[in-house]
Protein chains: 2
Amino acid sequence: MLAKYNQRVDAVNSLLCVGLDSVFARIPDSYKQGMFPQFAFNRWIIDQTHRVVSAYKPNIAFYEARGEDGMRELKMTMDYLHERHPEIFTICDAKRGDIDSSSMGYAEAIFDWLGFDAVTLNPYMGQDALKPFLERRDKCSIILCRTSNKGAQDIQDLHVGKQRLWEVIAEKVANEWNTNENCMLVMGATYPAELKRARALVGDMTLLIPGIGTQGGSIQAVMEAGLNQHGQGLIINASRSILFGADPTKEAKRLREEINQHRAPNLL
Amino acid sequence: MLAKYNQRVDAVNSLLCVGLDSVFARIPDSYKQGMFPQFAFNRWIIDQTHRVVSAYKPNIAFYEARGEDGMRELKMTMDYLHERHPEIFTICDAKRGDIDSSSMGYAEAIFDWLGFDAVTLNPYMGQDALKPFLERRDKCSIILCRTSNKGAQDIQDLHVGKQRLWEVIAEKVANEWNTNENCMLVMGATYPAELKRARALVGDMTLLIPGIGTQGGSIQAVMEAGLNQHGQGLIINASRSILFGADPTKEAKRLREEINQHRAPNLL
């Protein structure tokens, strides 16, 4: 499944992921008046951006907020992607993690019912809680490591011996949890020093990078700190700056170009 | 909202919570053939057990597993509880935690659309990630501390200075995150020594205790370790042993009695 992402990166020469965080309150009124507002808006965003995009990442929270209607529209969005753009990698940003039988329920919802290629997961409950995801060799598990929010430091930066907690998690995922070679990590763009350290800890593992754009992370800093030795290994997400900006196509293209400007040197 | 739970405890003399973990594959065939299988099964369980129960706790994973249909039936279950038993405390076992705007989406779904009194939360992303829940004074935030699964030790038992990580979380919640006096902690029944330590760290705070019954936690050990000085402060959950046993009414009554046997001494 990682191969699917890398093939798409090569095909469209892009490390860009668009976060389909289609908050109902922020989508244009013209969509709100239709039958399926979040789906119709997503379809428009996909039509506008798919040529320069390697992955889409809806955060499921914004669909759950609308109850069963939102869940239906997330499903419609996924059906549309599967039909029109089956080569684009899909990530459900869900940050799940629960005891085995419950995690099994989430895996069913996200991998089987919705048909995502990957899911974001929370490591706090330990390896057995993530087993129903990790053992799916046909899917990717993307584990929270050092997140992009300010409060990330509260818990993730606690010192465990000489390391910080997030470093312990990075090593555990790389050395113990990745037996099926289907793991990735979430590393916030807003902390490039930590990103550089994570790259040193996990080798070529692919990292999902939220936090550029509205949250303020710098693309140059991310690229310098995060690329692996093949000039890949990053999924760089932008959400609000594309979805709610003046021109989604233009902004997606601009971001791809800016990312690629900093990608070339590592390939030399 | 904590008052709602304590009033119900007094009214029915029970610390028992029933986990409405209505896994589709395990509900009787007679329900599976109806229009709303999970809802119809839940209604039956509620009718059978409400007289001896202070709280209900569906794990949302088992509803999401069935997509929009499952979400609709969870909503129907909540509507039924609100109409028939508005005095019973309701907990959405969801283990959420995400950056602010996403957590806001979950809070909307769980508190406003579904109408739960409380939600379980994951602390890994820090205080700001839980703010949309914590600042709801009309609702309770129940934060994962030391969970009941075997893998809990992987991360939660890591040493942070002289403490284990879960102890740091317990203190943070008690001393920093509980400014609205609406926080509780999840402490697994399968680790009574840890439960005793948690009680010492957090004073009279209410603790949600999963893991008796099928998971093997002992009620006696939980009661000896976990009661607060008022002979309360515990929400003791049983799911599968009630839902999928021979007689839900009898099992719920039996559990209430067994819990109460160990409750009396502390009140003397």
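Further up the page is the structure itself.
All figures in this text were calculated on a predicted structure; none of them were measured in a lab.

With that settled, the discussion passes to the overall build of chain A. If you tally the helices and strands in chain A, you get 14 helices and ten strands. Viewed in the frame of its principal axes, chain A has a C-alpha envelope of about 55 × 45 × 35 Å. Burial statistics for chain A: of 268 residues in total, 56% are counted as buried. Counted over contacts in chain A with a minimum sequence separation of 6, partners at least 24 positions apart contribute 72%.

Here we come to the interface of chain A and chain B. Every contact between the two is made by 46 residues of chain A and, on the other side, 46 residues of chain B. Examining the composition of the side of chain A that touches chain B, we find that seven residues originate from one element, helix H6 (residues 100-113) of chain A, more than from any other. For the side of chain A that touches chain B, the per-class residue count stands at 20 nonpolar, 16 polar and ten charged.

Another aspect to go through is the pairing of strand S4 (residues 118-121) of chain B. Residue and element names in this part refer to chain B. The two faces of S4 match: Ala 118 and Thr 120 on one face and Val 119 and Leu 121 on the other face are all buried. Where strand S3 (residues 89-96) and S4 come together, three bridges link them in parallel fashion. Of the residues in S4, the one forming a bridge with Cys 92 is Val 119. The β-α-β motif built from S4, the intervening helix H7 (residues 127-134) and the parallel element strand S5 (residues 140-146) has right-handed crossover chirality.

Let's shift gears to helix H7 (residues 127-134) of chain A. Those residues of H7(A) that fall on the buried side of the exposure criterion are A:Ala129, A:Leu130, A:Pro132, A:Phe133 and A:Leu134. Residues of H7(A) that are buried sit in contact with H6, strand S4 (118-121), strand S5 (140-146) and helix H9 (165-177) of chain A.

What follows is about the relation of the copies chain A and chain B. Superposing chain A onto chain B requires a rotation of 180° together with a translation of 0.0 Å along the rotation axis, leaving an RMSD of 0.0 Å. Each copy turns onto its partner about a two-fold axis. Here 100% of the contact residues of chain A are again contact residues in chain B; the copies associate through an equivalent surface.

This next bit is on the nonpolar core. If you look at the biggest cluster of nonpolar residues, it comprises 182 residues, and the most contacted ones within it are A:Ile142, A:Leu185, B:Ile142 and B:Leu185. Here B:Leu185 is in contact with B:Ile142, B:Ile143, B:Cys145, B:Ala170, B:Val173, B:Ala198, B:Val202, B:Met205 and B:Leu207, once residues within four sequence places are set aside.

What follows deals with the environment of A:His262. Residue and element names in this part refer to chain A. Along the chain, the position of His 262 falls in the loop between helix H13 (248-261) and helix H14 (264-267). Its 16 C-beta neighbours within 10 Å are what place His 262 among the partly exposed residues. Distance in space between the C-alpha atoms of His 262 and Ile 219 is 8.1 Å, their sequence separation being 43 residues. Apart from residues no more than four positions distant in its own chain, His 262 is found in contact with Ile 219, Gln 220, Met 223 and Glu 224.

Turning to the sheet that holds strand S9 (residues 207-209) of chain B, a few remarks are in order. Residues and elements named next belong to chain B. Strands sit in the order S1-S2-S3-S4-S5-S8-S9-S10 around a closed barrel of eight strands; the barrel is parallel. As paired strands, S4 and S5 are joined by four bridges and run parallel to one another. Bridge pairing in S5 places Leu 121 opposite Ile 143. Packing of helix H9 (residues 165-177) onto the sheet brings it into contact with S5 and strand S8 (183-187), and relative to S5 it is tilted by some 155°.

A few words now on the packing of helix H3 (residues 37-49) of chain A against H13(A). Residues and elements named next belong to chain A. Packing of H3 against H13 brings their axes to within 8 Å, and their N-to-C directions diverge by 50°. For the element pair H3 / H13, the angle class is oblique. Classified by chirality, the crossing of H13 by H3 is right-handed. On the side of H3, the interface is formed by Ile 45, Gln 48 and Thr 49, while H13 contributes Pro 248, Thr 249 and Ala 252. Of the residues in the contact of H3 with H13, the class split is three nonpolar, three polar and no charged.

What follows concerns the sheet that holds S4(A). Residue and element names in this part refer to chain A. Pairing is parallel around the closed barrel formed by eight strands, whose spatial order is S1-S2-S3-S4-S5-S8-S9-S10. As defined by bridge partners, strand S9 (residues 207-209) adjoins strand S10 (residues 234-238) across three bridges and the pair is classed as parallel. Bridge pairing links Ile 209 to Ile 236 in S10.

All names here are of chain A. Of all eight residues making up strand S3 (residues 89-96), eight are buried, and the element is well covered by its neighbours. Every second residue of S3 is oriented toward a common face, with Phe 89, Ile 91, Asp 93 and Lys 95 on one face and Thr 90, Cys 92, Ala 94 and Arg 96 on the other, all of them buried. Here strand S2 (residues 55-56) runs beside S3; their pairing, made up of two bridges, is parallel. Of the residues in S3, the one forming a bridge with Ala 55 is Phe 89.

Below, the discussion takes up the environment of A:Asp138. Residue and element names in this part refer to chain A. Looking at the element boundaries, Asp 138 is found in the loop between H7 and S5. For Asp 138, a count of 9 C-beta atoms within 10 Å corresponds to the exposed category. Distance from Asp 138 to Asn 59, taken between C-alpha atoms, is 21 Å for residues 79 residues apart in sequence.

Criteria and cut-off values
- Residues numbered from 1 in each chain as written.
- Chains lettered and ligands numbered in written order.
- Predicted model: local features only at pLDDT ≥ 70, side-chain atom pairs only at ≥ 80, totals over all residues.
- Helix = DSSP H or I, 4+ residues; strand = E, 2+ residues; numbered from the N terminus.
- Buried ≥ 20, exposed ≤ 12 C-beta atoms within 10 Å, placed from the backbone.
- Contact = placed C-beta atoms within 7 Å.
- Nonpolar A, V, L, I, M, F, W, Y, C, P; charged D, E, K, R; others polar.
- Pairing = 2+ DSSP bridges.
- Right-handed = clockwise from strand over helix to strand, strands pointing away.
- Least-squares fit on C-alpha atoms with pLDDT ≥ 70 in both.
- Core = buried A, V, L, I, M, F, W, Y, C linked by C-beta atoms within 7 Å.
- Axes fitted to C-alpha atoms, helices over the stretch in contact; angles between N-to-C directions.
- Parallel < 35°, antiparallel > 145°, perpendicular 65-115°, else oblique.
- Left-handed = near helix turned anticlockwise from the far one by under 90°.

Purely geometric numbers; function is a separate question.
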